[in-house]
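# Residue-level structural notes
Chain by chain, the residues:
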Amino acid sequence: MIDRAPLVAVVDDEDDVRQALRRLLRSAGFEVLAYGSGSEFLRHVAGSSPDCVVLDLWMPGASGFDVQRALIDMKLPLPTVVVTGNESQESRREALENGADAYLCKPVDGDALVDAVMAAISRRRSLERAPRIPPAL
């Protein structure tokens, strides 16, 4: 059986940033779907089943925080790497509390992004393979 390349969804409202992230991730061996808004991503996420999402926080309409909360409500615990150009301690805290695996600031270092995506996917796969321990009675 041949493993497929991991599928990464890139969600960013800035076209140039979205395309740069798409090219970077493809060159690192990932399959990539790119979305220009949080709403567009949420309309397609269940059918596309990405292995990870690279998510901008500050977008018109559905923000990255809104997307994170929607994924929680949909019970889709996707590995998430947040990228933002407006870094603050409060946004970092909120993104991590909402389940982000990594929080990176724009401009994003390419190696750091690829490493964060790979680590997030690996962590999630490890959790899925871990034996389930029944609760003690």
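To keep things clear, this report deals only with the structure shown in the data block. (Residues numbered from 1 in each chain as written. Predicted model: local features only at pLDDT ≥ 70, side-chain atom pairs only at ≥ 80, totals over all residues. Heavy atoms only, no water.)

Turning our eyes to something else, we now look at the pairing of strand S3 (residues 52–56). Counted residue by residue, S3 has five buried out of five residues, so it is predominantly covered. Both faces of S3 are covered, namely the face carrying Cys-52, Val-54 and Asp-56 and the face carrying Val-53 and Leu-55. Note: S3 against strand S4 (residues 80–84), four bridges, orientation parallel. Looking at S4, one finds that Leu-55 is bridged to Val-82. (Buried < 20%, exposed > 50% of the residue type's maximum accessible area, 1.4 Å probe, protein only. Helix = DSSP H or I, 4+ residues; strand = E, 2+ residues; numbered from the N terminus. Pairing = 2+ DSSP bridges.)

Moving on to the sheet that holds S4. Within a beta sheet, neighbouring strands are joined by backbone hydrogen bonds and run either parallel or antiparallel to one another. Pairing in this open sheet of five strands is parallel, and the strands run S2-S1-S3-S4-S5 from one edge to the other. The open sheet is flanked by strand S2 (31–35) and strand S5 (102–105), the only strands paired with a single partner. When strand polarity is set aside, the average angle formed by the axes of neighbouring strands in this sheet is 20°. (Axes fitted to C-alpha atoms, helices over the stretch in contact; angles between N-to-C directions.)

Before going further, it helps to spend a moment on the nonpolar core. Core analysis: the biggest nonpolar cluster contains 18 residues, and Leu-25, Phe-30, Val-54, Val-81, Leu-113 and Val-117 have the highest contact counts within it. Contributions of two or more residues to this core are made by strand S1 (7–11), helix H1 (15–27), S3, S4, S5 and helix H5 (110–129). Here this core takes six residues from H5, the largest share from any one element. Leave out the neighbours within four places in its chain, and Val-54 touches Val-8, Ala-9, Val-10, Val-11, Leu-21, Leu-25, Val-81, Val-83, Leu-113 and Val-117. With eleven residues, the next largest nonpolar core counts Val-11, Tyr-35, Val-53 and Leu-55 among its residues. (Core = buried A, V, L, I, M, F, W, Y, C linked by side-chain atoms within 4.5 Å. Contact = heavy atoms within 4.5 Å.)

If you check H1, its first and last C-alpha atoms are 18 Å apart, about what 13 residues at 1.5 Å a residue would give, namely 18 Å. Among the residues making up H1, those that are buried are Arg-18, Leu-21 and Leu-25. End-on view of H1: buried residues confined to an arc of 65°, all on one side of the axis. Opposite the buried face of H1, at more than 90 degrees from it, the exposed residues are Asp-16, Arg-23 and Ser-27. Of the residues trailing H1, Gly-29 is marked for its positive phi of about 100°. (Expected span 1.5 Å × (residues − 1). Arc of directions from axis to C-beta.)

Honestly, it's all geometry; don't read function into it.
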